Amino acid sequence: MAEESDSISCEAKAEVLRRNWELPLACVVVALVAVYVGRGTAVALAWPTAFMAIVLAVGSITRNAFPRARQVIVRASRSELVLGADPAITVEQITEAKLESVGPTHTTMRILLRDGGRRWLRLSPSDAASVLRVLGVGAGARRATFALAIPFGRRLVASVIVLGVLLLVNAFLRDPLRDAGTAIVGTLVVLSMSAPFVAWIAGLLWRGRLVIAADGITVKWGPRERFIAFAEIAKVDAVSSWTNRRMATTRVELRSGRSRVLCAREQPVTDDQVGAEARAMHVQLVEAFESARRRVPDAQSVTTLLAGDGRSGAEWLAHLDAVIGGVTRYRVAAPAPEVLAAIASDPTGDIEARAGAAVVLARVDPRGRDAVRVAADACAEPALRDALVAISEAESDEAFANALERARRR
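These figures come from a predicted structure and were not determined experimentally.

> Let's hear about the overall build of the chain: which residues, and what values?
Helix and strand counts for the chain stand at 13 helices and 15 strands. Taken across its 410 residues, the chain has 42% of its residues classed as buried. The long-range fraction of contacts in the chain, counting pairs at least 24 apart against all pairs at least 6 apart in sequence, stands at 59%. Within the structure as shown, the chain displays about 21,500 Å² of accessible surface, and the carbon and sulfur contribution to it stands at 58%.

Now the structure itself:
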């Protein structure tokens, strides 16, 4: 059980999960031996064995199945995360923190670091919530990415329709005089055996991506990408799947009256993991949505100072430098770094105001770039996120001006 003190720090028991490389290596060895034996008399047994070994090897790597784990004491504070005797991880290093799976007794939390490193922690649901809350990297404070899949029911229906048409056309092309009843019965028999397999393969090959952040969600399928701000969302619900009651999907109802169904890509290894990723995605989305609804802008009085108002990137930068000096047409003092950070990270704020606040923050505060990177990590809108990243990395006036150009109103 996590121990907290006024939400400033907490301590909990957890397991740090590591990839089990021994299992896939053993599977590869078994596959190689099976292939060698298959050259002899045991072909019927050897080749299926080799196939299953390769499937298990790939699955154990991609799913981190049967991971190795070590017990640690997790200590979290507002500034850092410490896992046992490992070096401390500062909050600024964390670019993504999400619940990867949610079970009745254990939750798997994945932490992605700015240098590309990853940490997987398995701990109780209450302890996971406490750690994320104390660090300030929970839902709505950092981006969280989930793989999406088309619900199996829809894939099955699509497979039946497409395969059914192809099989019937093929049957009548090969024998135009064939009895229609016989052709339909034969097609149904083939469909009963092939459609579920095709639907399963389609789920492995075709998947989307969901990014949950402070300002909204981004849904991507192939080259198509759509950003949906939380202001456009009216409700987030869980909907049970008719093919498996434990694998619920998430329905996002928009204020326009339309809705989107989001289904997490599931690859359970054990029975306890069935539906775990769907639950994690739903919890993350609901918490981020509720956080956005509760959040009230703290600095509306100065946002008009920061917008571009049709200026070019260079003109906008010159205006912001005047804001820094406190000499502007509005005759007010320059905003404090805390106010600028609040505006830059406000998911309900104007895009240009957020970009302007980020530029001012990066130019006046030595730690301002860290705050801008955090704001970028919590942003799902692609154009604004790219602008914030560019601002956090800009080293010249030209670079700042170019970054502002990216954030101009379209």
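> Describe the packing of helix α11 (residues 368–377) against helix α12 (residues 382–393), with residues and values.
Between α11 and α12, the least distance of the axes is 9 Å, while the angle of their chain directions is 160 degrees. Between α11 and α12, the angle falls in the class roughly antiparallel. Between α11 and α12 the crossing geometry is left-handed. Note on element contacts: α12 touches α11 through Arg385, Leu388, Val389, Ile391, Ser392 and Glu393, opposite Arg369, Val372, Arg373, Ala375, Ala376 and Asp377.

> Any chance you could break down the sheet that holds strand β10 (residues 208–212) for me, citing the residues and the numbers?
Strand order in the open sheet formed by 4 strands is β9-β10-β11-β12, with antiparallel pairing between adjacent strands. Among the strands making up the open sheet, the edge pair consists of β9 (144–148) and β12 (224–229). For this sheet, the mean inter-axis angle between neighbouring strands, taken without regard to orientation, is 15 degrees. Note that β10 and strand β11 (residues 216–221) share 4 bridges and pair antiparallel. Within β11, the position partnered with isoleucine 212 by the bridge is isoleucine 217.

> For the environment of glutamate 96, give the residues involved together with the corresponding values.
Residue position: glutamate 96 is located in strand β6 (residues 94–102). According to the relative accessible area criterion, glutamate 96 is buried, its value standing at 6%. Ignoring any residue separated from it by four or fewer positions in sequence, one finds glutamate 96 in contact with Arg110, Ile111, Leu112, Arg142, Arg143, Ala144 and Thr145. Reaching out from glutamate 96, the side chain makes a polar contact with the side chain of arginine 110 at a distance of 2.6 Å.

> Tell me about the sheet that holds strand β15 (residues 259–262), and please be specific about residues and values.
If you trace the 3 strands from one edge of the open sheet to the other, you get β13-β14-β15, paired in antiparallel fashion. The two strands at the open ends of the sheet, each matched to only one other strand, are β13 (233–239) and β15. For this sheet the average axis-to-axis angle between neighbouring strands, irrespective of direction, equals 20 degrees. As judged from the 4 bridges shared by strand β14 (residues 249–254) and β15, these two strands associate in the antiparallel manner. Of the residues in β15, the one forming a bridge with threonine 250 is leucine 262.

> Please set out the packing of aromatic side chains residue by residue, giving values where relevant.
In this structure the tally under the stated criterion is 1 aromatic pair. Ring centres 5.9 Å apart and planes at 50 degrees place the aromatic pair phenylalanine 230 and phenylalanine 289 in the tilted group. With phenylalanine 230 in the loop between β12 and β13 and phenylalanine 289 in helix α6 (residues 276–294), this pair connects stretches of sequence that are 59 residues apart. On the basis of relative accessibility, which here comes to 6%, the residue phenylalanine 230 falls in the buried class. Looking at arginine 363, its charged tip hangs above the ring of phenylalanine 400, at a distance of 4.9 Å from the centre.

> An account of the pairing of strand β4 (residues 80–83) is needed here, citing residue identities and associated values.
The pairing of strand β3 (residues 68–77) with β4 spans 3 bridges and is antiparallel. Along β4, the bridge assignment pairs valine 74 with leucine 83. Taken together, the 2 bridges between β4 and strand β5 (residues 89–90) define a ladder with antiparallel strand orientation. Its bridge partner being in β5, leucine 81 is matched across the sheet by isoleucine 89. Once β4 ends, the chain turns through 5 residues before running back antiparallel as β5, passing glycine 84 with a positive phi of about 60 degrees.

> Explain α12 to me, and be specific about the residues and the numbers.
With 12 residues, α12 should reach 16 Å at 1.5 Å per residue; the first-to-last C-alpha distance of 17 Å fits that figure. Three or more residues of α12 are buried, namely Leu384, Ala387, Leu388, Ala390, Ile391 and Ser392. Elements that come into contact with the buried residues of α12 comprise α10 (351–364), α11 and α13 (397–406). With a side-chain oxygen lying 3.2 Å from the backbone nitrogen of alanine 383, the N-terminal cap of α12 falls on glutamate 381.

> Can you tell me about the pairing of β3, naming the residues and giving the values?
The side chains of a regular strand alternate between both faces of the sheet. Both strand β2 (residues 9–18) and β3 contribute to a ladder of 10 bridges, which runs antiparallel. Looking at the pairing, glutamate 11 lines up with arginine 75 of β3. Hairpin connection of β3 to β4: 2 residues between the antiparallel strands.

About the cut-offs
Residues numbered from 1 in each chain as written. Predicted model: local features only at pLDDT ≥ 70, side-chain atom pairs only at ≥ 80, totals over all residues. Heavy atoms only, no water. Helix = DSSP H or I, 4+ residues; strand = E, 2+ residues; numbered from the N terminus. Buried < 20%, exposed > 50% of the residue type's maximum accessible area, 1.4 Å probe, protein only. Contact = heavy atoms within 4.5 Å. Areas by Shrake-Rupley, 256 points an atom, 1.4 Å probe, with all protein chains shown as cover. Axes fitted to C-alpha atoms, helices over the stretch in contact; angles between N-to-C directions. Parallel < 35°, antiparallel > 145°, perpendicular 65-115°, else oblique. Left-handed = near helix turned anticlockwise from the far one by under 90°. Pairing = 2+ DSSP bridges. Polar contact = N/O pair within 3.5 Å; in protein donor to acceptor, adjacent residues only side chain to side chain. Phe/Tyr/Trp six-rings, centres within 6.5 Å; stacked < 30°, edge-to-face > 60°. Lys NZ or Arg CZ within 6 Å of the ring centre and 35° of its normal. Expected span 1.5 Å × (residues − 1).

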